[in-house]
Amino acid sequence: MGCSGLLSRLRHLGSLSQTRPPRRWCVSGAAHVTLWPGGGGSGAWVSAERPRWYCVEAALGQQAGELEARERRQLAQLYEGLIQGHRACLAQSITLVESRHPRKKELAQVLLQQVLAYRKRQEELNGGKPLAFRVGLSGPPGAGKSSFIEVVGKMLTGRGHKVSVLAVDPSSCTTGGSLMGDKTRMTELSRDMRAFIRPSPTSGTLGGVTRTTNEAIVLCEGAGYDIVLVETVGVGQSEFAVADMVDMFVLLIPPAGGDELQGIKRGIIEMADLVVVTKADGDLLVPARKIQAEYTSALKLLRKKSKTWQPKVVQVSSRTGQGVPELWALLTEFQEAMLRSGELVSRRQGQQKVWMWNVIQESVLRLFQEHPAVREQIPELERRVTSGALSSGLAADMLLKAFSAGH
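Model, not experiment: these values are computed from the prediction. (Residues numbered from 1 in each chain as written. Predicted model: local features only at pLDDT ≥ 70, side-chain atom pairs only at ≥ 80, totals over all residues. Heavy atoms only, no water.)

**Examining the overall build of the protein chain**
When its secondary structure is counted, the protein chain shows 15 helices and 10 strands. Evaluated residue by residue, the protein chain yields a buried proportion of 46% over its 407 residues. For the protein chain, long-range pairs separated by at least 24 residues make up 73% of all intrachain contacts whose partners lie at least 6 apart in sequence. For the protein chain, the exposed area adds up to about 19,600 Å²; of that, 55% sits on carbon and sulfur atoms. (Helix = DSSP H or I, 4+ residues; strand = E, 2+ residues; numbered from the N terminus. Buried < 20%, exposed > 50% of the residue type's maximum accessible area, 1.4 Å probe, protein only. Contact = heavy atoms within 4.5 Å. Areas by Shrake-Rupley, 256 points an atom, 1.4 Å probe, with all protein chains shown as cover.)

**Notes on the packing of aromatic side chains**
For the structure shown, the criterion picks out four aromatic pairs. Ring centres 5.3 Å apart and planes at 55° place the aromatic pair F368 and F403 in the tilted group. One end of the pair, F368, is in helix α13 (residues 343-370); the other, F403, is in helix α15 (residues 392-405), and 35 residues separate them in sequence. An aromatic cluster is defined as three or more aromatic residues linked by ring pairs; in this entry it consists of F133, W309 and F334. Against the face of Y225 rests K162, its NZ or CZ located 4.4 Å from the ring centre. One cation-aromatic arrangement involves K312 over W309; the distance from NZ or CZ to the ring centre is 3.9 Å. (Phe/Tyr/Trp six-rings, centres within 6.5 Å; stacked < 30°, edge-to-face > 60°. Lys NZ or Arg CZ within 6 Å of the ring centre and 35° of its normal.)

**Here we look at the pairing of strand β7 (residues 227-231)**
Across the five residues of β7, five count as buried, placing the element largely inside the fold. Here β7 shows two buried faces, one formed by I227, L229 and E231 and the other by V228 and V230. Where strand β4 (residues 133-138) and β7 come together, five bridges link them in parallel fashion. Considered in β7, the bridge of G136 is made with V230. (Pairing = 2+ DSSP bridges.)

**Structural notes on the packing of helix α2 (residues 69-83) against helix α3 (residues 87-98)**
One can describe the packing of α2 onto α3 by two numbers: an axis separation of 8 Å at closest approach and a directional angle of 130°. Classified by the angle between their axes, α2 and α3 sit oblique to one another. As α2 packs across α3, the resulting crossing turns out to be left-handed. Contacts from L75, Q77, L78, G81 and L82 in α2 reach C89, L90, Q92, S93 and L96 in α3. Residue composition of the contact of α2 with α3, grouped by class: six nonpolar, four polar and no charged. (Axes fitted to C-alpha atoms, helices over the stretch in contact; angles between N-to-C directions. Parallel < 35°, antiparallel > 145°, perpendicular 65-115°, else oblique. Left-handed = near helix turned anticlockwise from the far one by under 90°. Nonpolar A, V, L, I, M, F, W, Y, C, P; charged D, E, K, R; others polar.)

**Side note on the confidence of the model for the protein chain**
On average, residues of the protein chain score 78 in pLDDT, and 72% of them are at 70 or above. Considering only residues more than four positions removed or in separate chains, one finds that residues 9-65, a stretch of pLDDT under 50, has 122 contacts. Within the model, pLDDT remains below 50 along residues 172-180, and this stretch shows 16 contacts once partners closer than five positions in the same chain are excluded. (pLDDT = per-residue confidence, 0-100.)

As C-alpha coordinates, then:
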(Lines give C-alpha, C1' and ligand atoms only; values in the text may rest on other atoms or scores of the structure.)
Protein backbone atom coordinates (compact mmCIF):
# COMPACT_ATOMS: atom_id res chain seq x y z
CA MET A 1 0.00 0.00 0.00
CA GLY A 2 1.36 3.41 -0.96
CA CYS A 3 1.54 6.58 1.11
CA SER A 4 -1.71 7.90 -0.38
CA GLY A 5 -3.75 5.25 1.43
CA LEU A 6 -2.08 5.37 4.81
CA LEU A 7 -4.05 8.06 6.56
CA SER A 8 -7.34 6.69 5.28
CA ARG A 9 -6.44 3.52 7.16
CA LEU A 10 -5.37 5.52 10.22
CA ARG A 11 -8.80 7.17 10.39
CA HIS A 12 -10.21 3.89 11.64
CA LEU A 13 -7.96 3.85 14.70
CA GLY A 14 -10.50 5.67 16.82
CA SER A 15 -12.12 2.38 17.75
CA LEU A 16 -8.87 1.00 19.20
CA SER A 17 -8.84 0.50 22.93
CA GLN A 18 -6.73 2.96 24.89
CA THR A 19 -6.85 0.92 28.12
CA ARG A 20 -4.34 -1.76 27.17
CA PRO A 21 -1.33 -2.17 29.44
CA PRO A 22 1.73 -0.14 28.38
CA ARG A 23 4.42 -2.00 26.48
CA ARG A 24 7.96 -1.21 25.37
CA TRP A 25 9.18 -1.59 21.82
CA CYS A 26 12.89 -1.38 21.22
CA VAL A 27 15.67 -1.69 18.66
CA SER A 28 18.49 -4.17 18.66
CA GLY A 29 22.05 -2.99 18.24
CA ALA A 30 22.33 -4.34 14.72
CA ALA A 31 21.42 -2.03 11.87
CA HIS A 32 18.10 -2.59 10.09
CA VAL A 33 16.87 -5.14 12.62
CA THR A 34 13.88 -4.18 14.73
CA LEU A 35 12.41 -6.16 17.60
CA TRP A 36 8.62 -6.04 17.71
CA PRO A 37 6.25 -7.17 20.46
CA GLY A 38 5.01 -10.63 19.46
CA GLY A 39 1.37 -11.33 18.78
CA GLY A 40 -1.07 -13.52 20.64
CA GLY A 41 -0.13 -12.15 24.04
CA SER A 42 2.94 -14.40 24.18
CA GLY A 43 5.23 -11.56 25.22
CA ALA A 44 7.87 -12.79 22.76
CA TRP A 45 9.94 -10.44 20.62
CA VAL A 46 9.91 -10.93 16.87
CA SER A 47 12.77 -9.77 14.62
CA ALA A 48 11.91 -8.12 11.33
CA GLU A 49 13.92 -6.52 8.54
CA ARG A 50 13.00 -2.86 8.93
CA PRO A 51 14.84 0.47 9.08
CA ARG A 52 16.33 0.92 12.55
CA TRP A 53 13.75 2.50 14.83
CA TYR A 54 14.40 4.56 17.90
CA CYS A 55 13.89 2.98 21.36
CA VAL A 56 10.50 4.22 22.52
CA GLU A 57 9.73 3.61 26.16
CA ALA A 58 6.30 2.99 27.55
CA ALA A 59 6.86 6.40 29.17
CA LEU A 60 5.39 7.86 25.98
CA GLY A 61 2.20 7.48 27.94
CA GLN A 62 0.17 4.72 29.50
CA GLN A 63 -2.48 5.40 26.87
CA ALA A 64 -0.07 4.50 24.07
CA GLY A 65 -0.29 0.78 24.68
CA GLU A 66 1.32 -1.57 22.22
CA LEU A 67 1.47 -1.02 18.50
CA GLU A 68 -0.78 -3.32 16.55
CA ALA A 69 0.55 -5.07 13.46
CA ARG A 70 -1.47 -2.78 11.18
CA GLU A 71 -0.16 0.33 12.93
CA ARG A 72 3.42 -0.93 12.68
CA ARG A 73 3.06 -1.52 8.95
CA GLN A 74 1.54 1.90 8.38
CA LEU A 75 4.19 3.72 10.42
CA ALA A 76 6.95 1.71 8.75
CA GLN A 77 5.67 2.69 5.30
CA LEU A 78 5.44 6.35 6.29
CA TYR A 79 8.94 6.27 7.78
CA GLU A 80 10.53 4.46 4.85
CA GLY A 81 8.90 6.77 2.31
CA LEU A 82 9.81 9.84 4.35
CA ILE A 83 13.54 9.14 4.66
CA GLN A 84 13.62 8.29 0.94
CA GLY A 85 12.34 11.80 0.23
CA HIS A 86 8.86 10.97 -1.06
CA ARG A 87 6.82 14.17 -0.86
CA ALA A 88 3.52 12.29 -0.50
CA CYS A 89 4.80 10.48 2.60
CA LEU A 90 6.10 13.76 4.03
CA ALA A 91 2.70 15.39 3.52
CA GLN A 92 0.91 12.43 5.13
CA SER A 93 3.34 12.48 8.07
CA ILE A 94 2.69 16.19 8.71
CA THR A 95 -1.05 15.53 8.53
CA LEU A 96 -0.59 12.84 11.17
CA VAL A 97 1.27 15.17 13.58
CA GLU A 98 -1.39 17.86 13.03
CA SER A 99 -4.18 15.47 14.02
CA ARG A 100 -5.96 16.07 17.32
CA HIS A 101 -7.14 12.48 17.64
CA PRO A 102 -5.54 10.99 20.81
CA ARG A 103 -4.41 7.74 19.19
CA LYS A 104 -3.04 9.46 16.09
CA LYS A 105 -1.11 11.88 18.31
CA GLU A 106 0.52 8.88 20.00
CA LEU A 107 1.40 7.34 16.63
CA ALA A 108 2.79 10.70 15.49
CA GLN A 109 5.12 10.81 18.50
CA VAL A 110 6.41 7.32 17.68
CA LEU A 111 7.09 8.41 14.10
CA LEU A 112 8.81 11.61 15.28
CA GLN A 113 11.09 9.64 17.60
CA GLN A 114 12.14 7.44 14.69
CA VAL A 115 12.85 10.47 12.48
CA LEU A 116 14.78 12.19 15.28
CA ALA A 117 16.97 9.12 15.72
CA TYR A 118 17.59 8.95 11.97
CA ARG A 119 18.47 12.65 11.85
CA LYS A 120 20.80 12.29 14.82
CA ARG A 121 22.72 9.49 13.10
CA GLN A 122 23.01 11.60 9.95
CA GLU A 123 24.34 14.55 11.94
CA GLU A 124 26.90 12.31 13.64
CA LEU A 125 28.15 11.32 10.20
CA ASN A 126 28.37 15.05 9.41
CA GLY A 127 30.69 15.73 12.34
CA GLY A 128 27.88 16.65 14.72
CA LYS A 129 26.79 19.64 12.62
CA PRO A 130 23.14 20.21 11.63
CA LEU A 131 22.33 19.09 8.11
CA ALA A 132 19.59 21.66 7.53
CA PHE A 133 19.38 25.44 7.82
CA ARG A 134 16.15 26.80 9.30
CA VAL A 135 15.12 30.33 8.35
CA GLY A 136 12.08 32.18 9.69
CA LEU A 137 10.52 34.84 7.47
CA SER A 138 8.06 37.44 8.68
CA GLY A 139 6.78 40.88 7.91
CA PRO A 140 3.62 42.95 7.59
CA PRO A 141 1.00 42.10 4.94
CA GLY A 142 2.05 43.44 1.55
CA ALA A 143 5.77 42.99 2.16
CA GLY A 144 5.99 40.53 -0.73
CA LYS A 145 6.88 37.45 1.32
CA SER A 146 5.43 34.89 -1.09
CA SER A 147 7.15 36.46 -4.11
CA PHE A 148 10.39 36.65 -2.17
CA ILE A 149 10.19 32.98 -1.14
CA GLU A 150 9.47 31.87 -4.69
CA VAL A 151 12.46 33.76 -6.14
CA VAL A 152 14.84 32.58 -3.39
CA GLY A 153 13.45 29.03 -3.48
CA LYS A 154 13.88 28.70 -7.26
CA MET A 155 17.44 29.99 -7.01
CA LEU A 156 18.28 27.46 -4.28
CA THR A 157 16.73 24.46 -6.03
CA GLY A 158 18.66 25.48 -9.13
CA ARG A 159 21.83 25.24 -7.06
CA GLY A 160 21.00 21.70 -5.94
CA HIS A 161 19.35 22.42 -2.58
CA LYS A 162 16.08 20.86 -1.43
CA VAL A 163 13.76 23.55 -0.06
CA SER A 164 10.71 23.15 2.14
CA VAL A 165 8.36 26.03 2.91
CA LEU A 166 6.11 25.87 5.96
CA ALA A 167 3.63 28.72 5.72
CA VAL A 168 1.77 29.52 8.93
CA ASP A 169 -1.62 30.48 7.50
CA PRO A 170 -4.09 32.25 9.84
CA SER A 171 -7.57 30.75 9.96
CA SER A 172 -10.91 32.51 9.90
CA CYS A 173 -12.47 32.68 13.36
CA THR A 174 -15.89 32.29 11.73
CA THR A 175 -15.48 29.34 9.36
CA GLY A 176 -12.06 27.98 10.29
CA GLY A 177 -10.89 28.27 6.69
CA SER A 178 -7.38 29.48 5.85
CA LEU A 179 -7.07 33.06 4.64
CA MET A 180 -3.88 33.46 2.65
CA GLY A 181 -3.51 30.43 0.36
CA ASP A 182 0.25 30.87 0.00
CA LYS A 183 0.69 27.74 -2.10
CA THR A 184 -1.46 29.19 -4.88
CA ARG A 185 0.79 32.29 -4.97
CA MET A 186 4.02 30.27 -5.40
CA THR A 187 3.09 28.65 -8.68
CA GLU A 188 6.60 28.04 -10.01
CA LEU A 189 8.06 26.77 -6.74
CA SER A 190 5.07 24.50 -6.05
CA ARG A 191 5.79 22.67 -9.33
CA ASP A 192 9.48 22.23 -8.52
CA MET A 193 10.25 18.61 -7.59
CA ARG A 194 13.04 19.75 -5.25
CA ALA A 195 10.64 21.94 -3.25
CA PHE A 196 7.86 21.21 -0.79
CA ILE A 197 5.26 23.78 0.28
CA ARG A 198 2.97 23.13 3.20
CA PRO A 199 0.45 25.72 4.46
CA SER A 200 -0.34 25.20 8.16
CA PRO A 201 -3.72 26.64 9.20
CA THR A 202 -3.78 27.97 12.74
CA SER A 203 -7.29 26.62 13.43
CA GLY A 204 -7.71 29.49 15.86
CA THR A 205 -4.93 28.41 18.23
CA LEU A 206 -1.46 29.91 18.11
CA GLY A 207 0.09 27.26 20.37
CA GLY A 208 -1.28 24.39 18.30
CA VAL A 209 0.10 25.63 15.00
CA THR A 210 3.52 26.47 16.39
CA ARG A 211 3.83 23.07 18.01
CA THR A 212 2.93 21.24 14.81
CA THR A 213 5.15 23.59 12.79
CA ASN A 214 8.08 22.68 15.03
CA GLU A 215 7.38 18.98 14.47
CA ALA A 216 6.92 19.53 10.73
CA ILE A 217 10.44 21.02 10.61
CA VAL A 218 11.81 17.75 12.03
CA LEU A 219 9.92 15.73 9.41
CA CYS A 220 11.13 17.95 6.56
CA GLU A 221 14.73 17.56 7.68
CA GLY A 222 14.24 13.80 7.93
CA ALA A 223 13.02 13.82 4.32
CA GLY A 224 16.31 15.38 3.20
CA TYR A 225 15.34 19.05 2.86
CA ASP A 226 18.45 21.04 3.73
CA ILE A 227 16.73 24.46 3.64
CA VAL A 228 13.57 24.94 5.73
CA LEU A 229 11.76 28.27 5.35
CA VAL A 230 9.05 29.09 7.91
CA GLU A 231 6.79 31.96 6.83
CA THR A 232 4.40 33.79 9.15
CA VAL A 233 1.92 36.55 8.48
CA GLY A 234 1.78 39.81 10.42
CA VAL A 235 3.95 41.18 13.20
CA GLY A 236 2.45 39.68 16.33
CA GLN A 237 2.82 36.83 18.80
CA SER A 238 3.36 34.13 16.17
CA GLU A 239 6.64 35.78 15.15
CA PHE A 240 8.03 35.34 18.65
CA ALA A 241 7.00 31.68 18.54
CA VAL A 242 8.60 31.07 15.14
CA ALA A 243 11.83 32.79 16.22
CA ASP A 244 12.14 30.06 18.85
CA MET A 245 12.24 27.30 16.24
CA VAL A 246 14.61 28.62 13.54
CA ASP A 247 18.35 29.26 13.21
CA MET A 248 17.92 32.68 11.62
CA PHE A 249 15.01 35.12 11.77
CA VAL A 250 14.55 37.45 8.78
CA LEU A 251 12.21 40.45 8.86
CA LEU A 252 10.82 41.59 5.48
CA ILE A 253 9.46 45.12 5.16
CA PRO A 254 8.07 47.07 2.19
CA PRO A 255 9.70 50.37 1.21
CA ALA A 256 6.53 52.47 1.37
CA GLY A 257 4.24 51.95 4.32
CA GLY A 258 4.20 55.10 6.40
CA ASP A 259 6.22 55.29 9.61
CA GLU A 260 7.71 51.81 9.51
CA LEU A 261 9.57 52.01 12.81
CA GLN A 262 6.33 52.87 14.62
CA GLY A 263 4.33 50.19 12.81
CA ILE A 264 6.51 47.23 13.81
CA LYS A 265 7.08 46.20 17.40
CA ARG A 266 10.51 46.88 18.78
CA GLY A 267 10.77 43.34 20.12
CA ILE A 268 10.37 41.86 16.65
CA ILE A 269 13.11 44.10 15.28
CA GLU A 270 15.35 42.98 18.14
CA MET A 271 14.76 39.35 17.19
CA ALA A 272 15.74 39.91 13.56
CA ASP A 273 19.12 38.62 12.43
CA LEU A 274 18.57 40.25 9.05
CA VAL A 275 16.18 42.97 7.83
CA VAL A 276 15.27 42.83 4.14
CA VAL A 277 13.71 45.80 2.36
CA THR A 278 11.65 44.28 -0.46
CA LYS A 279 10.39 45.72 -3.77
CA ALA A 280 13.56 47.80 -4.17
CA ASP A 281 13.07 48.63 -7.84
CA GLY A 282 11.56 51.31 -10.08
CA ASP A 283 9.86 54.19 -8.28
CA LEU A 284 10.31 52.44 -4.93
CA LEU A 285 14.10 52.34 -5.12
CA VAL A 286 14.58 55.72 -3.40
CA PRO A 287 12.08 54.96 -0.57
CA ALA A 288 13.81 51.57 -0.15
CA ARG A 289 17.17 53.26 0.39
CA LYS A 290 15.58 55.60 2.94
CA ILE A 291 14.03 52.72 4.88
CA GLN A 292 17.33 50.83 4.75
CA ALA A 293 19.15 53.78 6.30
CA GLU A 294 16.48 54.17 9.02
CA TYR A 295 16.67 50.52 10.04
CA THR A 296 20.45 50.48 9.96
CA SER A 297 20.46 53.36 12.45
CA ALA A 298 17.74 51.77 14.59
CA LEU A 299 19.56 48.43 14.87
CA LYS A 300 22.63 50.16 16.30
CA LEU A 301 20.54 51.32 19.26
CA LEU A 302 19.03 47.92 20.06
CA ARG A 303 20.42 45.18 22.25
CA LYS A 304 22.44 42.63 20.29
CA LYS A 305 20.81 39.22 20.03
CA SER A 306 24.03 37.36 19.26
CA LYS A 307 27.67 37.73 20.29
CA THR A 308 28.73 36.39 16.89
CA TRP A 309 26.51 38.18 14.41
CA GLN A 310 25.73 41.85 13.83
CA PRO A 311 22.26 42.24 12.22
CA LYS A 312 22.31 43.83 8.76
CA VAL A 313 19.82 45.60 6.49
CA VAL A 314 19.73 44.83 2.75
CA GLN A 315 17.58 45.61 -0.29
CA VAL A 316 16.17 43.05 -2.73
CA SER A 317 13.81 43.02 -5.68
CA SER A 318 11.80 39.85 -6.31
CA ARG A 319 10.71 41.25 -9.68
CA THR A 320 14.20 41.81 -11.08
CA GLY A 321 16.15 39.42 -8.85
CA GLN A 322 18.46 42.26 -7.82
CA GLY A 323 20.18 41.55 -4.50
CA VAL A 324 18.91 37.95 -4.14
CA PRO A 325 22.29 36.18 -4.66
CA GLU A 326 23.95 38.66 -2.29
CA LEU A 327 21.19 37.99 0.25
CA TRP A 328 21.82 34.25 0.14
CA ALA A 329 25.54 34.89 0.57
CA LEU A 330 24.70 36.77 3.79
CA LEU A 331 22.54 33.89 5.04
CA THR A 332 25.36 31.45 4.33
CA GLU A 333 27.82 33.73 6.11
CA PHE A 334 25.51 33.79 9.15
CA GLN A 335 25.21 29.99 9.19
CA GLU A 336 28.96 29.45 8.94
CA ALA A 337 29.74 32.05 11.63
CA MET A 338 27.19 30.57 14.04
CA LEU A 339 28.45 27.04 13.42
CA ARG A 340 32.07 28.05 14.03
CA SER A 341 31.21 29.71 17.33
CA GLY A 342 28.94 26.87 18.44
CA GLU A 343 26.11 29.34 18.95
CA LEU A 344 23.84 27.71 16.38
CA VAL A 345 23.94 24.33 18.15
CA SER A 346 23.42 25.94 21.58
CA ARG A 347 20.53 28.00 20.18
CA ARG A 348 18.83 24.84 18.94
CA GLN A 349 19.31 23.14 22.28
CA GLY A 350 17.74 26.09 24.07
CA GLN A 351 14.83 26.09 21.63
CA GLN A 352 14.10 22.43 22.31
CA LYS A 353 13.86 23.15 26.04
CA VAL A 354 11.55 26.10 25.39
CA TRP A 355 9.29 23.97 23.24
CA MET A 356 9.15 21.18 25.81
CA TRP A 357 7.74 23.64 28.33
CA ASN A 358 5.42 25.19 25.75
CA VAL A 359 3.93 21.76 25.05
CA ILE A 360 3.60 21.13 28.80
CA GLN A 361 1.74 24.43 29.27
CA GLU A 362 -0.57 23.68 26.36
CA SER A 363 -1.29 20.16 27.65
CA VAL A 364 -1.85 21.28 31.26
CA LEU A 365 -4.30 23.97 30.11
CA ARG A 366 -6.22 21.41 28.07
CA LEU A 367 -6.37 18.99 31.03
CA PHE A 368 -7.58 21.84 33.25
CA GLN A 369 -10.35 22.84 30.83
CA GLU A 370 -11.48 19.24 30.35
CA HIS A 371 -11.63 18.46 34.10
CA PRO A 372 -15.27 17.62 34.99
CA ALA A 373 -15.45 19.86 38.07
CA VAL A 374 -13.90 22.78 36.17
CA ARG A 375 -16.05 22.29 33.08
CA GLU A 376 -19.17 22.25 35.24
CA GLN A 377 -18.39 25.58 36.93
CA ILE A 378 -17.02 27.51 33.93
CA PRO A 379 -20.36 28.72 32.44
CA GLU A 380 -21.68 30.12 35.74
CA LEU A 381 -18.37 31.73 36.72
CA GLU A 382 -17.97 33.28 33.26
CA ARG A 383 -21.49 34.72 33.55
CA ARG A 384 -20.71 36.23 36.96
CA VAL A 385 -17.41 37.68 35.73
CA THR A 386 -18.96 39.29 32.65
CA SER A 387 -21.81 40.76 34.75
CA GLY A 388 -19.32 42.30 37.17
CA ALA A 389 -20.51 40.26 40.17
CA LEU A 390 -17.18 38.45 40.52
CA SER A 391 -13.59 39.46 39.84
CA SER A 392 -11.58 37.55 37.27
CA GLY A 393 -8.92 36.68 39.84
CA LEU A 394 -11.40 35.22 42.32
CA ALA A 395 -13.11 33.20 39.58
CA ALA A 396 -9.74 31.80 38.50
CA ASP A 397 -8.93 30.86 42.12
CA MET A 398 -12.27 29.05 42.45
CA LEU A 399 -11.62 27.04 39.28
CA LEU A 400 -8.10 26.17 40.42
CA LYS A 401 -9.43 24.97 43.77
CA ALA A 402 -12.03 22.84 42.00
CA PHE A 403 -9.28 21.34 39.86
CA SER A 404 -7.02 20.67 42.87
CA ALA A 405 -9.87 19.08 44.84
CA GLY A 406 -10.44 16.65 42.01
CA HIS A 407 -6.84 15.41 42.32
